[in-house]
Amino acid sequence: MTYRVDPTFVDELKKYGHVNIEDCFNCGNCTAICPLSTSETPFPRKNIRQAQLGLRENLLESVDPWLCYYCGECTLTCPRQAEPAEAQMAMRRWLTAQYDWTGLARKFYTSKVWEIGAVFFLAAFIVVTFVLFHGPIVTDHVALNTFAPVHLVELGDYVMLVGLSFFLLSNIFRMYLFIVRSDKSLKIPFKLYITEAWQLLYNTVTQIRYAKCDEEEGQSFWEKTRWRNHLIIVSGYGLMFTLVVVFLRWFQTDNYYPIWHPQRWLGYYATIALLFGAGDAIIGRIKKDNEMHKYSHPSDWMFPILLLLTAFTGILLHTFRYLGLPLPTYYTYVIHLAILTPMLVLEVPFGKWAHLAYRPFAIYFEAIKEKAKVLQESQTTADAYAAAD
Amino acid sequence: MTNKRLHVDALVVGGGIAGMQTSLDLGDQGYQVALVEKTASIGGNMVQLSKVFPTLDCASCITTPKMSSVHHHDNIKLLTSSEVQKVTPHGDGFIAEVLLKPTYVNNDTCTGCQKCEEACPVDILDEYDYGFNARRAAYIPFPTAIPYTAVIDMDHCIFCGQCIKACPVPDCIDFNMQPEVIEIETSAIVISTGFKVTPYDAKEEYGAGKFRNVIDGLMMERLLAPTGPYGHVLRPSDGKLPDSIAYVQCAGSRDLTLGVPYCSRVCCMYAIKQAMLLAGALPMADITIYYMDIRTFGKQYEQFYQNAKAMGIEFVKAKVARITEVENQDLNVRVELIDENSQVVERHHDLVVLSVGMLPNYDPQAVFSIDIAEDKFVETPYYHNSPAATTRPGIFAAGTAAGPMDIVDTIVTAGSAAADVAAYIQSHNGHKAETAVETQTTVAERSVDHD
């Protein structure tokens, strides 16, 4: 096998985060201290070595950056202070940009102008759309569904859902090609794709690997603070997403419900979880009180800030509606959508959000590969015995 | 105030192997030397070692004759339990104020009979054996101490008076002994203040201090030494003969998290040496050395390493990331096996030795007005021309005060410091060594003035 060394690769990676891997002397402390690293998938040193040498293809085919959850043990104990955890983070951003065939993810990660410009462009698009096409403005009472007919908004929802799914799924397909299909010698029985599919749902829902990052702190759910907080955020996010996409006709309504009605308390739970999650991320990044938040790439701010603003305008919208203030309700609704839309369009296929898909898929692909390897090895052994007979 | 003044050619600060060698090299040339040692005995770190690499010679067989020579040398005035407090320029030379700390025992009359030690009811952990042994509050520092006289450890003394009753020499033990300051007028000064090791519990993930069977290299020296605490290599927690011993290299060096970016230059060789000695002491034990790089750069050092490999000592290229305690107070060592396809494994051992590195033992900036380098060791800016010269003319450095080095290099730098000092004295005040030899005046005879 031949390798092409590319010493300029580190400079490319530096655009994606605070990368300091030139200082690494490959002692392997990071890989050994990592609570998630195993003999089958040893990281982060392997990836760092690949990046030092500029082995672009090997890094592109690597699943390891997605298996790292940035507990920061490696960075804390690195004898060269080469920041291995941050290198893995930069690699995740780099990989997100590589999986994305449109090139937009690369633009958004490497240029603040592109990232912020895209947010404002999409926000302006939403505002202009409403200015031009809004429904009749009823001012004697709140009639949101007259101002913004729910079936049209729902149509917009579905258009966005299909579009974003297309981009995200095509990116996942490229990820699949890089990670699974790159190894031509490995034959993967189709059955494995089905039998391992549970990994996707199980890991998406539980994020169980994250729990291993907190093992030092304690064993109970409440002691594993980072996993616990992440679960809360995801539950809020997932719930809100379901409410506004699948149940929009039920969720966006002009009816007033009593407080115990699920339409209200489900929304409240999701909002609180989102505020908590986004707030936790922003406060952590301001205070830099743990390894994960020590370095913040511009893209790390965008997602939680948009999320926080979405939740905040959502609360305002809800308040105005219940106070019976028609015009503030309509304005806030437009602003709410003008923040929500760029948040989804930018982050889902091209940004930080994509890890929601890439992490479980990485675990899924890795499981398939490992099982296939075991099968292939046992087959080779069986063949050897058969030949000997 | 001071009422005594000593006139010498050179003041040597620190009585370890570097300071002793410098003093002897100068004294043998006829220069008058004052050797100031902080502790109660000269000898330094080397007296605690078992054997030296790469010859496996007995360390104390080299050290103790030198200690004795220093003590009995006509041209060397030995001041133990003393510290230089202040250095002021004086003509071409210096005047150093030296504090003689009270030992509460009269050095001149104490016979070293150990009666006070036997009588003392206080038992405390012995620093000489790194806590593997006990000593009394009235004690002789170690069996080959020079001077071989008792000292009273006032921090632990309970003033019971048993030692005074037991002492056969009248007025030898004196609880009212006061500190004394003397002045030493000298042409040149040599800093040979040596090293201390990086604290073995500095890396939390190694668990030293918490796990009893994680020790450091100097502790292992004591376990291996014929004069050691157990007379055998036993592990601290339960006195078991260890079956499987791990060495963790770079446990205190080349590690920015400890603020020690440099290589300590001795740990590879002392680990290999100890592994060889262990192979002799415990023929059935497995010995593994986990290393980042093996640096065997001295004369015959590489051969020493190859011999160790041939003896069956296992060398594993891996930086130990974490040590955890398991059943029976055994230990698991977690590493990435870099040469074996990056496997991440936990390997089981029943004794772990941390190869701790070297830190400077003393910061000379305030008292001696010389610079220290980035690594906190004494700056020697003319390393290629005059290796012992510091940033201040007339002050020189020898041994590990100037940087991490082994005993072989220490002897070399001690010799070079002596040569530098001699040249300095000759060029600055025209002193001829022959004069000192001819007049046969010893320090004690000629130069204690009473104002």
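Residues numbered from 1 in each chain as written. Chains lettered and ligands numbered in written order. Predicted model: local features only at pLDDT ≥ 70, side-chain atom pairs only at ≥ 80, totals over all residues.

## Here's the deal with the overall build of chain B
Then comes step 1: For chain B, the count of helices and strands is 11 helices and 26 strands.
Then comes step 2: Relative to the globule expectation of 22 Å for 451 residues, the C-alpha radius of gyration of chain B, 23 Å, shows essentially globular dimensions.
Then comes step 3: Seen along its three principal axes, the alpha-carbon backbone of chain B occupies a region of about 75 × 60 × 35 Å.
Then comes step 4: Looking at chain B as a whole, 51% of its 451 residues are labelled buried. (Helix = DSSP H or I, 4+ residues; strand = E, 2+ residues; numbered from the N terminus. Rg over C-alpha atoms; globule rule 2.2 N^0.38 Å. Buried ≥ 20, exposed ≤ 12 C-beta atoms within 10 Å, placed from the backbone.)

## With respect to the domain arrangement of chain A
Residue and element names in this part refer to chain A.
Then comes step 1: Taken domain by domain, chain A consists of domain 1 (9–99) and domain 2 (105–371).
Then comes step 2: With 26 residues of domain 1 at the contact, the number on the domain 2 side is 29 residues.
Then comes step 3: If you list the elements that add at least two residues to the side of domain 1 that touches domain 2, you get helix H5 (64–67), helix H6 (73–77) and helix H7 (84–99).
Then comes step 4: For the side of domain 1 that touches domain 2, the residue count by class is 14 nonpolar, six polar and six charged. (Domains from an automatic or database assignment. Contact = placed C-beta atoms within 7 Å. Nonpolar A, V, L, I, M, F, W, Y, C, P; charged D, E, K, R; others polar.)

## With respect to the domain arrangement of chain B
Residue and element names in this part refer to chain B.
Then comes step 1: Segmentation of chain B into domains returns domain 1 (4–101 + 179–194 + 361–450) and domain 2 (199–357).
Then comes step 2: Put simply, the middle of domain 1 and the middle of domain 2, counted by C-alpha atoms, are 34 Å apart.
Then comes step 3: If you look at the interface, domain 1 gives 12 residues, while domain 2 gives 18 residues.
Then comes step 4: Residue composition of the side of domain 1 that touches domain 2, grouped by class: seven nonpolar, two polar and three charged.

## A word on the sheet that holds strand E25 (residues 395–397) of chain B
All names here are of chain B.
Then comes step 1: Spatially, E6-E3-E2-E14-E25 is the arrangement adopted by the five strands of the open sheet, whose pairing is parallel. Of all the strands in the sheet, the pair left with one neighbour each is strand E6 (76–79) and E25. Between one strand and the next, the sheet's axes are offset by a mean angle of 20 degrees, whatever the strand orientation.
Then comes step 2: Pairing between strand E3 (residues 33–36) and E6: four bridges, direction parallel. The residue of E6 that forms the bridge with Val36 is Leu79. (Pairing = 2+ DSSP bridges. Axes fitted to C-alpha atoms, helices over the stretch in contact; angles between N-to-C directions.)

## Examining the sheet that holds strand E22 (residues 343–349) of chain B
Residues and elements named next belong to chain B.
Then comes step 1: Overall, antiparallel pairing links the three strands, which are arranged E20-E21-E22 in an open sheet. Of all the strands in the sheet, the pair left with one neighbour each is strand E20 (322–325) and E22. Each strand of the sheet is rotated relative to its neighbour by a mean of 25 degrees, with strand direction disregarded.
Then comes step 2: In this sheet, E22 lies alongside strand E21 (residues 331–337) in antiparallel orientation, the contact comprising seven bridges.

## Focus on the interface of chain A and chain B
Then comes step 1: Contact with chain A, which involves 16 residues of that partner, is made by 17 residues of chain B.
Then comes step 2: Looking at the side of chain A that touches chain B, the elements that each hand over two or more residues are helix H2 (29–33) and helix H3 (45–53) of chain A.
Then comes step 3: At four residues, the largest contribution of residues to the side of chain A that touches chain B is made by H2 of chain A.
Then comes step 4: Counted by class, the side of chain A that touches chain B contains five nonpolar, eight polar and three charged residues.

## Considering the packing of helix H9 (residues 112–133) of chain A against helix H19 (residues 326–350) of chain A
Residues and elements named next belong to chain A.
Then comes step 1: Where H9 contacts H19, the two axes come as close as 8 Å, and the packing angle between them is 135 degrees. When the axes of H9 and H19 are compared, the pair comes out oblique. Crossing hand, H9 versus H19: right-handed. Judged by residue contacts, Ala118, Val119, Leu122, Ala123, Ile126, Val127 and Phe130 of H9 engage Val334, Leu337, Ala338, Ile339, Thr341, Pro342, Val345 and Leu346 from H19.
Then comes step 2: Here the contact of H9 with H19 is built from residues that sort into 14 nonpolar, one polar and no charged. (Parallel < 35°, antiparallel > 145°, perpendicular 65-115°, else oblique. Left-handed = near helix turned anticlockwise from the far one by under 90°.)

## Remarks on the packing of H3 of chain A against H7 of chain A
All names here are of chain A.
Then comes step 1: Packing of H3 against H7 brings their axes to within 10 Å, and their N-to-C directions diverge by 70 degrees. What the angle tells us is that H3 and H7 run roughly perpendicular. Two packed elements cross with a definite hand, and for H3 against H7 that hand is left-handed. Contact residues: Asn47, Ile48 and Ala51 in H3; Pro84, Ala87, Gln88 and Met91 in H7.
Then comes step 2: Split by residue class, the contact of H3 with H7 holds five nonpolar, two polar and no charged.

## Structural notes on the nonpolar core
Then comes step 1: Grouped together as the largest cluster of nonpolar side chains are 222 residues, with contacts concentrated most on Val190, Tyr290 and Val421 of chain B.
Then comes step 2: Here this core gets 13 residues from one element, more than from any other, and that element is H19 of chain A.
Then comes step 3: Apart from residues lying up to four places away in sequence, Val421 of chain B is in contact with Ala10, Leu26, Ala188, Val190 and Phe396 of chain B. (Core = buried A, V, L, I, M, F, W, Y, C linked by C-beta atoms within 7 Å.)

## Re unusual backbone geometry
Residues and elements named next belong to chain B.
Then comes step 1: Following Phe53, the chain continues to Pro54 via a peptide bond in cis, the omega torsion being -5 degrees.
Then comes step 2: Relative to the helices and strands, Pro54 resides in the loop between strand E4 (51–52) and strand E5 (57–58).
Then comes step 3: A cis amide bond links Ile146 with the next residue in sequence, Pro147, at an omega value of 0 degrees.
Then comes step 4: By secondary structure assignment, the location of Pro147 is in the loop between strand E11 (138–139) and strand E12 (151–152).
Then comes step 5: Even without a glycine there, the phi angle at Ser81 is positive, about 50 degrees.
Then comes step 6: Secondary-structure assignment places Ser81 in the loop between E6 and strand E7 (82–90).
Then comes step 7: Although it is not a glycine, Gln114 sits at a positive phi angle of roughly 70 degrees.
Then comes step 8: In this structure, Gln114 sits in the loop between strand E8 (93–100) and helix H3 (115–119).

## Details of the environment of Tyr291 of chain B
Residues and elements named next belong to chain B.
Then comes step 1: With respect to the secondary-structure elements, Tyr291 resides in strand E18 (residues 286–291).
Then comes step 2: Taking C-alpha positions, Tyr291 is 9.7 Å from Ala251, a pair spaced 40 residues apart along the chain.
Then comes step 3: The contacts of Tyr291, once residues within four sequence positions are left out, are Gln249, Cys268, Phe315 and Lys317.

## Description of helix H2 (residues 59–72) of chain B
Residues and elements named next belong to chain B.
Then comes step 1: Under the 1.5 Å per step criterion, the end-to-end length of H2 is 20 Å for 14 residues, consistent within 8% with the ideal 20 Å.
Then comes step 2: Every buried residue of H2 is accounted for by Ala59, Ser60, Thr63, Lys66, Met67 and Val70. Seen end-on, H2 carries its buried residues on one side only, within an arc spanning 140 degrees. Opposite the buried face of H2, at more than 90 degrees from it, the exposed residues are Cys61, Pro65 and His72.
Then comes step 3: The inward-facing, buried residues of H2 abut helix H1 (17–28), E3, E4, E5 and E6. (Expected span 1.5 Å × (residues − 1). Arc of directions from axis to C-beta.)

## Structural notes on the pairing of strand E19 (residues 314–317) of chain B
Residue and element names in this part refer to chain B.
Then comes step 1: Examined bridge by bridge, E18 and E19 share four bridges and lie parallel to one another. Paired with Ile289 across the strands is Phe315, a residue of E19.
Then comes step 2: Once you follow E18 into helix H7 (residues 301–310) and on to E19, the crossover reads as right-handed. (Right-handed = clockwise from strand over helix to strand, strands pointing away.)

## Things to note about helix H6 (residues 267–281) of chain B
All names here are of chain B.
Then comes step 1: Relative to the 21 Å expected for 15 residues at 1.5 Å per residue, H6 spans 20 Å between its end C-alpha atoms, a close match to the ideal helical length.
Then comes step 2: In terms of residue burial, H6 counts as a mostly covered element, since 12 of its 15 residues are buried.
Then comes step 3: Those residues of H6 that sit buried are Cys267, Cys268, Met269, Tyr270, Ala271, Ile272, Lys273, Gln274, Ala275, Met276, Leu277 and Leu278.
Then comes step 4: Looking at the buried residues of H6, the elements they touch are E4, helix H5 (217–224), strand E17 (244–248), E18 and H7.

## Some points on the environment of Val316 of chain B
Residue and element names in this part refer to chain B.
Then comes step 1: Within the secondary structure, Val316 is located in strand E19.
Then comes step 2: Placed 22 residues apart in sequence, Val316 and Ile338 show a C-alpha to C-alpha distance of 8.6 Å.
Then comes step 3: Apart from the residues within four sequence positions on either side, Val316 is in contact with Thr288, Tyr290 and Leu337.

## Let's talk about the confidence of the model for chain B
Residue and element names in this part refer to chain B.
Then comes step 1: Taken residue by residue, chain B gives an average pLDDT of 92. The fraction at 70 or more is 94%.
Then comes step 2: For the stretch residues 432–451, pLDDT sits under 50, and the model shows 27 contacts to residues farther than four places along the chain or on other chains.
Then comes step 3: Model confidence for the complex is summarised by a pTM of 0.90, with the ipTM given as 0.87. (pLDDT = per-residue confidence, 0-100.)

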